[in-house]
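Residues per chain, in single letters:
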Amino acid sequence: MTKQVTLAVLILLLLQSCTTAIIDEGDPSSLPPITRTITYESDVASIMTNYCITCHAGPAPNAGLDLSNYQNTRFSTEMGSLIQRMNNAANPMPPNGLVSPELRQIMDKWVTDGFLEN
């Protein structure tokens, strides 16, 4: 009986460690508005470099999604679900948790500003 209890506890611990963490990093809409113009080169590229291209670049990017340049990032933002995934606490991108509200606000403002490159 002791082996069964130990095995059950071990299984529960393993299952718990395999779940996706839901990390609420705050809401970008609660921040003061950004008044300057946001561009890919000065603002968005560093977000992609620091949080996305480890998995989404190179010869075989995850999910076939290459976020290593302006054109691909803009396309994924306009036609794909990049912004939605970056704001999805239940299934976040990056997978280890949402980026800060400030960075998500920059992405939202880039969209509002018209996807400026530089």
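Below is a short write-up of the structure. Quick caveat, the model's predicted, so the values are computed rather than measured.

### Digging into the overall build of the protein chain
Line of reasoning, step 1. When you go through the protein chain residue by residue, the secondary structure sums to 5 helices and 0 strands.
Line of reasoning, step 2. Starting at the N terminus and walking to the C terminus, you meet the elements of the protein chain as α-α-α-α-α.
Line of reasoning, step 3. Burial status across the protein chain gives 30% buried among its 118 residues.
Line of reasoning, step 4. When contacts within the protein chain are restricted to residue pairs at least 6 apart in sequence, long-range pairs at least 24 apart make up 67% of them.

### What to know about helix H5 (residues 101–112)
Line of reasoning, step 1. With 12 residues, H5 extends 16 Å from end C-alpha to end C-alpha; this agrees with the ideal 16 Å at 1.5 Å per step.
Line of reasoning, step 2. Those residues of H5 that sit buried are Pro101, Leu103, Arg104, Gln105, Ile106, Met107, Lys109 and Trp110.
Line of reasoning, step 3. Residues of H5 that are buried sit in contact with helix H2 (40–51), helix H3 (70–78) and helix H4 (82–86).
Line of reasoning, step 4. Just downstream of H5, glycine 114 is the residue with a positive phi angle, here 95 degrees.

### What about the state of the cysteines?
Covalently bonding the sulfur atom of one cysteine to the sulfur atom of another cysteine gives a disulfide.
Line of reasoning, step 1. Within the structure shown, the criterion is met by 0 disulfides.
Line of reasoning, step 2. Left without a disulfide partner, cysteine 52 is nearest to the cysteine sulfur of cysteine 55, which lies 8.9 Å away.
Line of reasoning, step 3. Residue classification places cysteine 52 among the buried residues on the basis of a relative accessible area of 8%.

### Structural notes on the packing of H2 against H5
Line of reasoning, step 1. Close contact between H2 and H5 brings their axes to 10 Å; oriented N to C, the two are set at 130 degrees. Between H2 and H5, the angle falls in the class oblique. For H2 against H5, the interelement crossing comes out left-handed. Across the interface between the two elements, Tyr40, Asp43, Val44, Ile47, Met48 and Tyr51 from H2 touch Leu103, Ile106, Met107 and Trp110 from H5.
Line of reasoning, step 2. Here the contact of H2 with H5 is composed, by residue class, of 9 nonpolar, no polar and 1 charged.

What counts and what doesn't
Residues numbered from 1 in each chain as written. Predicted model: local features only at pLDDT ≥ 70, side-chain atom pairs only at ≥ 80, totals over all residues. Heavy atoms only, no water. Helix = DSSP H or I, 4+ residues; strand = E, 2+ residues; numbered from the N terminus. Buried < 20%, exposed > 50% of the residue type's maximum accessible area, 1.4 Å probe, protein only. Contact = heavy atoms within 4.5 Å. Expected span 1.5 Å × (residues − 1). Disulfide = S-S within 2.5 Å. Axes fitted to C-alpha atoms, helices over the stretch in contact; angles between N-to-C directions. Parallel < 35°, antiparallel > 145°, perpendicular 65-115°, else oblique. Left-handed = near helix turned anticlockwise from the far one by under 90°. Nonpolar A, V, L, I, M, F, W, Y, C, P; charged D, E, K, R; others polar.

Bear in mind that shape data such as this cannot, by itself, settle questions of function.
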